[in-house]
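The primary structure of each chain is shown beneath.
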Number of protein chains: 4
Amino acid sequence: MKFHGIIPPVVTPLTDDHELDVASYERSLNRMIEAGVDGLFVLGSSSEVVFCTDERRRQIVETAMRVADGRVPVLVGVIDTSTPRVLEHVRVAEELGADAIVATAPFYAIVGQKEVERHFRLIHEATDLPIFAYDLPQCVHIKLQGDMLVRLGVDGVLAGVKDSSGDDVSFRYLTMANDLAGHPLQVFTGHEVVVDGAYLSGADGSVPGLANVNPDLYVEQWKAYQAGDWDRVRELQTQAARLMRITSVTRGEFGFAAGVGAFKTALNLMGVFDSAQMPEPVLPLEGENRVAIAQVLKQESLL
Amino acid sequence: MKFHGIIPPVVTPLTDDHELDVASYERSLNRMIEAGVDGLFVLGSSSEVVFCTDERRRQIVETAMRVADGRVPVLVGVIDTSTPRVLEHVRVAEELGADAIVATAPFYAIVGQKEVERHFRLIHEATDLPIFAYDLPQCVHIKLQGDMLVRLGVDGVLAGVKDSSGDDVSFRYLTMANDLAGHPLQVFTGHEVVVDGAYLSGADGSVPGLANVNPDLYVEQWKAYQAGDWDRVRELQTQAARLMRITSVTRGEFGFAAGVGAFKTALNLMGVFDSAQMPEPVLPLEGENRVAIAQVLKQESLL
Amino acid sequence: MKFHGIIPPVVTPLTDDHELDVASYERSLNRMIEAGVDGLFVLGSSSEVVFCTDERRRQIVETAMRVADGRVPVLVGVIDTSTPRVLEHVRVAEELGADAIVATAPFYAIVGQKEVERHFRLIHEATDLPIFAYDLPQCVHIKLQGDMLVRLGVDGVLAGVKDSSGDDVSFRYLTMANDLAGHPLQVFTGHEVVVDGAYLSGADGSVPGLANVNPDLYVEQWKAYQAGDWDRVRELQTQAARLMRITSVTRGEFGFAAGVGAFKTALNLMGVFDSAQMPEPVLPLEGENRVAIAQVLKQESLL
Amino acid sequence: MKFHGIIPPVVTPLTDDHELDVASYERSLNRMIEAGVDGLFVLGSSSEVVFCTDERRRQIVETAMRVADGRVPVLVGVIDTSTPRVLEHVRVAEELGADAIVATAPFYAIVGQKEVERHFRLIHEATDLPIFAYDLPQCVHIKLQGDMLVRLGVDGVLAGVKDSSGDDVSFRYLTMANDLAGHPLQVFTGHEVVVDGAYLSGADGSVPGLANVNPDLYVEQWKAYQAGDWDRVRELQTQAARLMRITSVTRGEFGFAAGVGAFKTALNLMGVFDSAQMPEPVLPLEGENRVAIAQVLKQESLL
């Protein structure tokens, strides 16, 4: 099986007292599946994976597996600081029936490409699950080199890449090298705003956080791309970019609080989530910031 | 009790098959205690905290507590990506009898100073243990601001700071602001090479990884500082800087592999550790790199 | 007049003794004009502007004006560290008949967006020439903010932007904001490898250094874009990306030496330039590096 | 002759209409010379070198040479983007009688250590004047490596280094390597706040911008250092650090505007400068920011 198309990184709803909000979660998962997404990615950055205790991680995966119920494949993040910790998460992902796992480079400790490569190889030795490499230098502070990724694809270590690096040039070189090697990797872009450019560069799909808010848009864009209708692809991209302003209209916030905070606030305003609660030590967006997000949603006819 | 003086961040010895090497660990802990260090810091970066499973973390702390046996206080790192995960480590540190805990800013998820401040306040709400803030922007990619640290000191949230930021100007401003506020914080430098300058700036102590290799040197330097003998302080600093070359004489390595790798290799060459094994996915230094480190040790009369 | 299409940043040929190689320069300029480029940009980074004395700057512009002879417009870089120095270059550009000028943010001295905005406004007060803002954070270490650029466009200060920032998301937001404001700015991408994506984002043209080596390719790609033939646009982009490997196949070089060095070496190998000489303190590529570039040129049927 | 001691980087006073304010300049130069400084450094970053036209550069040097009149040596910055431009400034410096010249690495164009080394060697080939390397990665975005600096010292290319890099560890390694090589380089720190630490590390002197505001303090600190009175050295450092707050008490400003802007404002408030005018595109500090600086000056008994 080859993964492709729209695989949203699932945002995790919390209750006001920081429990997993199962009802909201089910609502959101079903909403995306019914919109026609091609898979779900849980326990990525947008799922607040690094804010989760092991127990919370397990809860998030179990619920997603139960709701998905085979309708779409579920990719599970095994993101953690180093190989020994990641391998523990791999065991759980296997146990819970994940269809694939997603791993970043090690982080916090400063390592080089050779340690990163060994990290992925050690994960592969420990599991038969398809492995996606998650390229996210903003969070892990090392870029995954294209040569290494393709080599790991050729060697059967990696099944694919989620590229959230924001480096469109290296993305193009990656898809070209991947094609030259026989396309061993399914290459996804992790961006919301220039997904059309990624498709032009040959992406096999997209993992846009914004698809939690508007899954229909990204599903339609994917179909337009499959049909070769570039004008429509581009038009839908402009719509998505306008909607993405929910992450920049707030004041006094940036990073995770502004990004995932905006997604949660939008989903809360739209009635999908019962709360916009954020994991500690991050506070939910409030007051003027909620108003600003509501305005964007209205302008985009989502409210 | 006020912490002060030399508190080495303890390097963790591994067996060749990646188990905790308890015998080597005991040898190294005793060697530092007998050299006269004023405390031990376990589960910091040098203890390879982010490479440890929860079980390994527990093992490292339990062994250190047992060996220290009240002779010196033991500070325990509760380093992890976010508040919920840190709070789990705090529970274990309390259970095992830690004398203080050490926490960094959250990492991976991009947060700002307000989330960092809330993080430390939430930890303080959850424990009565003295809390040290660990300023390590190279690993967590955010600098702890001096104003915030002093405010948290005044509010009784923080007992001290370990500054490994490499920013000597901000360190000076921190000690000045701390003094102006009545010295609520015990301020330690986390560096090896300009500890003398940190003492001149008013540091209450030092947390040098290199003290694993040569604890006597740093203990003697601390005493010379207490005696006001600046010529001796400076002379010993030059010796330490020469020894620190073990972390830069290797080739093809950098970051954790070169730094902690050199400490482990030196301790192995000196007979303190039975192996220079590193945690996955990092490999131990070998061949020419071991030779280069041995040469430095010989030049410094440690071999 | 609105600038649009392919405006190569002209590479400057030197003789072995570091004089301007006028014969090679004429050959290269004519080659690009005859290939159908829509303009020429001299005294940009690729023209080695910051390596030029005032006299050399003048020589480069005079020669370009003479060769262009009105066949295509000539944009002239007035790049320098601060407003007073830039204004001197503006005087010379006016005197020599430039069709437009191109300015970066101030550099070396650390300034903020308000100083950058004032810089462009002061240049506008001093000249009637159309002004292009050159966004090049890799060299000037500050990103030009889209809001500011559009505001300067609306106010008639800027005629356009050359975006070499490598940030495709901000580029998309810039073109969207520019359209919303009535398209006051002509927006060019300064990249070689994802020009197709920039066209999809609504770019009015491209300023690719690689067009010195293969102007036909970029001219054809622009025409395919004008015709809405996205498959051809993309196909030509893949060709360009393959050719761009001349800047990465060398060893022991990076930055200006690898980039402009590769362009000069390719032009030398192809017989357009008589020498691959570089400005001091940079040395020309030699030996294996020339061989590696020649191989790429052969693979791409340019040799 | 060996340069040593306190060599302030001279701040350049401007009239309100952006001319060189010769009367204020003379007053400030004489004030520093009479305070006992060991030299003057003109056309450095604090002299706003990169804001100067060639004519303004000449004016600044001529005036300084005339006022100094042999009482102290004058070091002249030849700072510019590349070798050819620097060599033009070297000619002028020689013509005007400079005692030494000061050069940074090339900037704007991205180069490596080998180009930087060649840059300094080419300057040396072109002049008999003593050359100081100015290590200022914040502005030129490349760090001068200690090994290279010492090698250039041993080879007679460099007479010294002004280290404004803010990296106290590399500074210590530099002084150690320099001593090991027979002390070919006179090594100065370019900082204001941890000059005492630099002395402990073996600095031959200091180039503090703040000495424009309070030259007596730094001269006295240098003498205390020469006398081995570390307590006094440290005490004076604390005074200097308190005064340095003039660069951080302002709001809405940073970089050059906050730093040199504060020095000019202080000198204006103290009656040394007739205006706090800044070079375009930077505006002078005003309103609340002037009040904040005046308060610091009062607290430090300079007003």
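Since this is a predicted model, take the numbers as computed values, not measurements.

1. Brief notes about the side chain of Lys162 of chain C
Residues and elements named next belong to chain C.
Item 1. Topologically, Lys162 is positioned in strand E6 (residues 160–163).
Item 2. There is no salt bridge for the buried Lys162, and the closest opposite charge comes from Glu192, which lies 7.5 Å off by N-O distance.
Item 3. The contacts of Lys162, once residues within four sequence positions are left out, are Pro9, Phe41, Ala133, Tyr134, Asp135, Phe188, Gly190 and Val207.

2. Considering the nonpolar core
Item 1. Ranked by size, the top nonpolar core spans 446 residues in total, and within it Ile246 of chain A, Ile246 of chain B, Ile246 of chain C together with Ile246 of chain D carry the most contacts.
Item 2. Apart from the residues lying within four places of it in its own chain, the contact partners of Ile246 of chain C are Leu210, Val213, Ala262, Phe263, Ala266, Ile293, Val296 and Leu297 of chain C.

3. Considerations on unusual backbone geometry
All names here are of chain C.
Item 1. That bond from Glu280 to Pro281 is cis: its omega, 15°, falls within 30 degrees of zero.
Item 2. Here Pro281 shows up in the loop between helix H11 (255–269) and helix H12 (288–299).
Item 3. Within the chain, Asp69 stands out as a residue other than glycine whose phi angle is a positive 50°.
Item 4. Along the polypeptide, Asp69 turns up in the loop between helix H2 (54–68) and strand E3 (74–77).

4. Looking at the UniProt feature "binding site: pyruvate" (unreviewed entry) in chain A
All names here are of chain A.
Item 1. Per the UniProt record, the feature "binding site: pyruvate" (unreviewed entry) sits at Val207.
Item 2. You can see Val207 is positioned in the loop between strand E8 (205–206) and helix H9 (215–226).
Item 3. Accessibility expressed as a relative area gives 5% for Val207, which makes it buried.
Item 4. Not counting the four nearest positions on each side in its chain, Val207 is found in contact with Ile7, Pro8, Pro9, Phe41, Lys162, Phe188, Thr189 and Gly190.

5. Some details on the pairing of E3 of chain C
Sheet faces and side chains relate simply in a regular strand, where the side chains alternate between the two faces.
All names here are of chain C.
Item 1. Here E3 shows two buried faces, one formed by Val74 and Val76 and the other by Leu75 and Gly77.
Item 2. Examined bridge by bridge, strand E2 (residues 40–42) and E3 share three bridges and lie parallel to one another. Bridge pairing links Leu40 to Val74 in E3.
Item 3. For the handedness criterion, the β-α-β arrangement of E2, H2 and E3 is classed as right-handed.
Item 4. Relative to strand E4 (residues 100–103), E3 runs parallel, the two sharing three bridges.

6. Observations regarding the side chain of Arg56 of chain D
Item 1. In this structure, Arg56 of chain D sits in helix H2 (residues 54–68).
Item 2. Here Arg56 of chain D falls in the buried class, since its relative accessible area comes to 14%.

7. What to know about the relation of the copies chain B and chain A
Item 1. Rotating chain B by 180° and moving it 0.0 Å along the rotation axis overlays it on chain A with an RMSD of 0.0 Å. Such values leave the two copies arranged in the relation of a two-fold axis.
Item 2. Comparing interface residues between copies, 100% of those in chain B also sit at the interface in chain A, which points to an isologous, same-surface contact.

8. So, H12 of chain C
Residues and elements named next belong to chain C.
Item 1. Relative to the 16 Å expected for 12 residues at 1.5 Å per residue, H12 spans 17 Å between its end C-alpha atoms, a close match to the ideal helical length.
Item 2. Of all the positions in H12, only Asn289, Ala292, Ile293, Ala294, Val296 and Leu297 are classed as buried.
Item 3. Among the structural elements, helix H10 (230–243) and H11 are those in contact with the buried residues of H12.
Item 4. Downstream of H12 by one or two residues, Ser301 has phi in the positive range, about 60°.

9. Examining the interface of chain D and chain C
Item 1. Contacts between the two partners involve 45 residues from chain D, matched on the other side by 45 residues from chain C.
Item 2. When the buried area of chain D at its contact with chain C is split by residue, Arg85, Tyr108 and Pro281 of chain D rank highest and sum to 22% of it.
Item 3. Across the contact surface, chain D and chain C share six salt bridges.
Item 4. One salt bridge connects Glu253 of chain D with Lys114 of chain C, and the closest N-O pair in it is separated by 2.7 Å.
Item 5. At the surface where chain D touches chain C, the tally comes to 17 residue pairs in polar contact (both at pLDDT 80 or more).
Item 6. Going through the elements one at a time, H2, helix H3 (83–96), helix H4 (113–126), helix H5 (137–140) and helix H11 (255–269) of chain D are the ones with two or more residues in the side of chain D that touches chain C.
Item 7. Broken down by element, the residue count for the side of chain D that touches chain C peaks at five residues, all from H4 of chain D.

10. A short note on the interface of chain B and chain A
Item 1. Contact with chain B, which involves 45 residues of that partner, is made by 45 residues of chain A.
Item 2. Looking only at chain B, the three residues that lose the most surface to chain A are Arg85, Tyr108 and Pro281 of chain B, adding up to 22% of its buried area.
Item 3. Where Arg118 of chain B meets Glu280 of chain A, a salt bridge forms, and the shortest distance between an N and an O atom there is 2.8 Å.
Item 4. Along the contact surface separating chain B from chain A lie 17 residue pairs in polar contact (both at pLDDT 80 or more).
Item 5. Broken down by secondary-structure element, the contributors of at least two residues to the side of chain B that touches chain A are helix H2 (54–68), helix H3 (83–95), helix H4 (113–126), helix H5 (137–140) and helix H11 (255–269) of chain B.
Item 6. Ranked by residues supplied to the side of chain B that touches chain A, first place goes to H4 of chain B with five residues.
Item 7. In terms of residue class, the side of chain B that touches chain A is built from 23 nonpolar, 12 polar and 10 charged.

11. Focus: H3 of chain B
Item 1. Here H3 of chain B spans 18 Å end to end across 13 residues, near enough to the 18 Å set by a 1.5 Å rise per residue.
Item 2. Of all the positions in H3 of chain B, only Thr83, Arg85, Val86, His89, Val90 and Ala93 of chain B are classed as buried. The arc that holds every buried residue of H3 of chain B, seen down its axis, measures 155°, which confines them to one face.
Item 3. Lining the buried residues of H3 of chain B we find helix H2 (54–68) and helix H3 (83–95) of chain A together with H2, strand E3 (74–77), strand E4 (100–103) and H4 of chain B.

12. Here we look at the packing of helix H1 (residues 22–35) of chain C against H2 of chain C
All names here are of chain C.
Item 1. Close contact between H1 and H2 brings their axes to 10 Å; oriented N to C, the two are set at 45°. In terms of orientation, H1 and H2 fall into the oblique class. Helix-helix and strand crossings are classified by hand; for H1 and H2 the assignment is right-handed. Between H1, through Val22, Tyr25, Glu26, Leu29, Asn30 and Ile33, and H2, the contact on the second element is made entirely by Ile60, Thr63, Ala64, Arg66, Val67 and Ala68.

13. Structural notes on the pairing of E4 of chain C
Residues and elements named next belong to chain C.
Item 1. By the alternation rule, side chains of E4 split into Ala100 and Val102 and Ile101 and Ala103, which are all buried.
Item 2. In terms of handedness, the path from E3 via helix H3 (residues 83–96) over to E4 forms a crossover that is right-handed.
Item 3. Pairing of E4 with strand E5 (residues 131–135) involves three bridges; the strand directions are parallel. Bridging from a neighbouring strand, Val102 pairs with Phe132 of E5.
Item 4. In this fold, E4 hands off to helix H4 (residues 113–126), which returns the chain to E5; that crossover is right-handed.

Calculation rules
- Residues numbered from 1 in each chain as written.
- Chains lettered and ligands numbered in written order.
- Predicted model: local features only at pLDDT ≥ 70, side-chain atom pairs only at ≥ 80, totals over all residues.
- Heavy atoms only, no water.
- Helix = DSSP H or I, 4+ residues; strand = E, 2+ residues; numbered from the N terminus.
- Buried < 20%, exposed > 50% of the residue type's maximum accessible area, 1.4 Å probe, protein only.
- Lys, Arg positive; Asp, Glu negative; His and termini not counted.
- Salt bridge = Lys/Arg side-chain N within 4 Å of Asp/Glu carboxyl O.
- Contact = heavy atoms within 4.5 Å.
- Core = buried A, V, L, I, M, F, W, Y, C linked by side-chain atoms within 4.5 Å.
- UniProt positions renumbered as here; feature names shortened; annotations may be inferred.
- Pairing = 2+ DSSP bridges.
- Right-handed = clockwise from strand over helix to strand, strands pointing away.
- Least-squares fit on C-alpha atoms with pLDDT ≥ 70 in both.
- Expected span 1.5 Å × (residues − 1).
- Buried area = accessible area lost by both parts, 1.4 Å probe.
- Polar contact = N/O pair within 3.5 Å; in protein donor to acceptor, adjacent residues only side chain to side chain.
- Nonpolar A, V, L, I, M, F, W, Y, C, P; charged D, E, K, R; others polar.
- Arc of directions from axis to C-beta.
- Axes fitted to C-alpha atoms, helices over the stretch in contact; angles between N-to-C directions.
- Parallel < 35°, antiparallel > 145°, perpendicular 65-115°, else oblique.
- Left-handed = near helix turned anticlockwise from the far one by under 90°.

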